[in-house]
Amino acid sequence: MPTRHFSMLEDHIYPTDFFPFATTASRDPVTGAEGSVLDRARALGAVPKLFYVNNSSEYWNRAASLIATDPTGARDLEPAPEERIYLIAGAQHYVGILRERGIFTNCVNTLNHYRVMRALMLAFDRWVRDGMEPPPSTYPRIADGTLVTIAAQALTFPRIPDFRLPESNLRPPRLDFGGRFETDRIADEVPPIMGKPFETLVPKPDADGLDEGGIALPELLAPLGTRTGFNTRNDAAGFPWASGRWDGSFVPFPRTERERQASGDPRVSVEARYANRAAYEAKVRSAATEVAGLGFLLPEDVDALVAEAGGLYDRIMARDPADRSCGYLFGR
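Residues numbered from 1 in each chain as written. Predicted model: local features only at pLDDT ≥ 70, side-chain atom pairs only at ≥ 80, totals over all residues. Heavy atoms only, no water.

Novice: Any chance you could break down the overall build of the protein chain for me, citing the residues and the numbers?
Specialist: Tallying secondary structure elements over the protein chain gives 10 helices and 10 strands in all. What you see for the protein chain is a C-alpha radius of gyration of 21 Å, in line with the 20 Å of a compact globule of 332 residues. In the protein chain, buried positions account for 50% of the 332 residues. In the protein chain, the proportion of contacts linking residues at least 24 apart, taken out of those at least 6 apart, comes to 69%. As displayed, the protein chain has an accessible area near 15,400 Å², and 55% of this comes from carbon and sulfur atoms. Each charge sign in the protein chain was given a centre, from 38 positive and 45 negative side chains, and these centres are 2 Å apart. (Helix = DSSP H or I, 4+ residues; strand = E, 2+ residues; numbered from the N terminus. Rg over C-alpha atoms; globule rule 2.2 N^0.38 Å. Buried < 20%, exposed > 50% of the residue type's maximum accessible area, 1.4 Å probe, protein only. Contact = heavy atoms within 4.5 Å. Areas by Shrake-Rupley, 256 points an atom, 1.4 Å probe, with all protein chains shown as cover. Lys, Arg positive; Asp, Glu negative; His and termini not counted. Charge placed at Lys NZ, Arg CZ, Asp CG, Glu CD.)

In structure tokens:
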């Protein structure tokens, strides 16, 4: 169900997540069910081409790992030939627009992933229309260590001052609506019986707290701060252990090494990474050219991306770290 769905604090009895999740056949050891989402399409001889495109928020708040692992989260399942899976690393569900923290502990994540979506939509069209192969699947996997448990993620994530990690990502339960739900979509058990949760995993962060294994945009290859797919609720809002439904976080790097040492932030400062704005923009442009070459960015979007990145650099360097507002993230 791609619209209304089970999440941390809402819609806990809504019928959202049901086995099977993957295009490769697997078995649910709890129920004994077997199969894949393409079984009926294969039986009909009408298998569609598929793109699964997720942001980091979907791994935290929408159980996205299940499309590429078995239901126990123990092993990877290879995508079907007709399928591509992509993670837009470090992005939240939508491009952040909140200028104040509101119910959250951090400012929201303004990473613009719509540019990737544009490139992927055109790649998908070329695949369907002309048979041109799209970029290979790019997402975190258990086998290479880029898809991990919550406990492993917490051990790796940098100890940023005053930054709180969620206690969990979304682990949807197996919902039992009764014997007729599977065949007739008639719910005899309302509310449903909640069974054992499915095991879900999240991307492994690097030393800057940036997710590994997915499509790394220029803003992650030449970063100005930590971008996550989760944002915890503050104490006043309640449920501080939980992440928001849609929102991620942006936490800028310290501007200078002196500022970093004074705050105890383990992340390298902006001044130690880039000599000045021109040097930063040069790295962003080089990264953007690389990403465009991989098919995840259109060449005509590079100039606007570099200009936006340079503007954020200026606003971060001019910002008072004691100012908790989030207006500096926006050009106007």
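Moving on from the coordinates now.
Novice: Could you give an account of the layout of surface pockets, with specific residues and numbers?
Specialist: Space inside the second largest pocket adds up to approximately 540 Å³. P161, D162, V251, R319 and P321 are, among the 24 residues lining the second largest pocket, the residues nearest its centre. Mapped by element, the contributors of at least two residues to the lining of the second largest pocket are β10 (249–252) and α7 (257–263). If you tally residues by element for the lining of the second largest pocket, the top one is β10, at three residues. (1 Å grid on protein atoms, 1.4 Å probe; cavity = no way out; pocket = protein on both sides within 12 Å on 5 of 7 lines; lining within 4 Å. Points joined across faces, edges and corners; volume = space filled by probe spheres on them.)

Novice: Go over the packing of aromatic side chains with me, naming the residues and quoting the values.
Specialist: Within this structure, the stated rule accounts for 16 aromatic pairs. The interplanar angle of 75 degrees and the centroid separation of 5.8 Å between the aromatic rings of Y86 and F296 together place this pair among those described as edge-to-face. Of this pair, Y86 sits in strand β4 (residues 83–88) while F296 sits in the loop between α9 (277–294) and α10 (302–318), placing them 210 residues apart in sequence. Grouping residues by exposure puts Y86 and F296 together as buried. Through successive ring pairs, a cluster of aromatic residues spans F51, Y86, F124, W127 and F296. The ring of F198 carries the charged tip of R174 above its face, separated from the ring centre by 4.1 Å. Positioned over the ring face of F253 is R273, at 3.7 Å from the centre of the ring. (Phe/Tyr/Trp six-rings, centres within 6.5 Å; stacked < 30°, edge-to-face > 60°. Lys NZ or Arg CZ within 6 Å of the ring centre and 35° of its normal.)

Novice: How would you sum up the nonpolar core? Please name residues and give values.
Specialist: One finds L224, Y280 and L329 to be the most contacted residues of the largest nonpolar core, which totals 47 residues. Counting only elements with at least two residues in this core, the list comes to β4, α3 (114–130), α9 and α10. Per-element tally for this core: the top contributor is α10, with seven residues. Not counting residues up to four positions away in its chain, the partners in contact with L224 are E219, F250, P252, F253, V270, Y274, Y280, A309, L312, Y313 and I316. (Core = buried A, V, L, I, M, F, W, Y, C linked by side-chain atoms within 4.5 Å.)

Novice: Got a sec to walk through α10? Specific residues and values, please.
Specialist: Taking 1.5 Å per residue, 17 residues should reach 24 Å; α10 reaches 25 Å between its end C-alpha atoms and fits that length. Where α10 is concerned, the buried positions are V302, L305, V306, A309, G310, G311, L312, Y313 and I316. Where the residues of α10 are buried, they touch α3, α6 (218–221), β9 (225–228), β10, α8 (270–273) and α9. (Expected span 1.5 Å × (residues − 1).)

Novice: Describe unusual backbone geometry, and please don't skip the residues or the numbers.
Specialist: Backbone geometry follows two general trends: most residues other than glycine have a negative phi, and most peptide bonds adopt the trans configuration. Residue P20 is bonded to the preceding F19 through a cis peptide linkage, with omega at 0 degrees. Along the polypeptide, P20 turns up in the segment before β1 (26–27). Cis rather than trans, the peptide bond between V190 and P191 has omega equal to 0 degrees. Assignment of secondary structure puts P191 in the loop between α5 (181–184) and β7 (193–197). The backbone of D11 shows a phi angle near 55 degrees, a positive value even though the residue is not glycine. Of note, D11 is situated in the segment before β1.

Novice: Residue-level account of the packing of α9 against α10, with values.
Specialist: In the contact formed by α9 and α10, the axes pass within 9 Å of each other and the chain directions differ by 145 degrees. Pair α9 / α10 crosses with right-handed handedness. Touching R277, Y280, E281, V284, R285 and A288 of α9 are V302, D303, L305, V306, A307, A309, G310, G311, Y313 and D314, all from α10. A per-class count over the contact of α9 with α10 returns nine nonpolar, two polar and five charged. (Axes fitted to C-alpha atoms, helices over the stretch in contact; angles between N-to-C directions. Left-handed = near helix turned anticlockwise from the far one by under 90°. Nonpolar A, V, L, I, M, F, W, Y, C, P; charged D, E, K, R; others polar.)

Novice: Explain the pattern of salt bridges to me, and be specific about the residues and the numbers.
Specialist: A side chain of one charge can pair with a side chain of the opposite charge if their charged atoms are brought near each other. Throughout the structure, instances matching the rule amount to 23 salt bridges. The shortest N-O distance in the salt bridge between D11 and R4 comes to 3.3 Å. Among the residues examined, R4 registers a relative accessible area of 45% and is labelled partly exposed. With a shortest N-O distance of 2.8 Å, R267 and D265 are connected by a salt bridge. Grouping residues by exposure puts R267 and D265 together as buried. Sharing partners across several salt bridges, the network here consists of R4, E10, D11 and R245. (Salt bridge = Lys/Arg side-chain N within 4 Å of Asp/Glu carboxyl O.)

Novice: Run through the state of the cysteines, naming residues and quoting values.
Specialist: Following the criterion strictly, the structure yields one disulfide and no others. In this model, C107 is linked to C326 through a disulfide, with the two sulfur atoms separated by 2.1 Å. Here the disulfide of C107 and C326 is left-handed, its torsion about the S-S bond being about -90 degrees. Within this pair, whereas C107 is found in the loop between β4 and α3, its partner C326 is found in the segment after α10, the two being separated by 219 residues in sequence. Per residue, the accessibility class of C107 equals that of C326, and both read buried. (Disulfide = S-S within 2.5 Å.)

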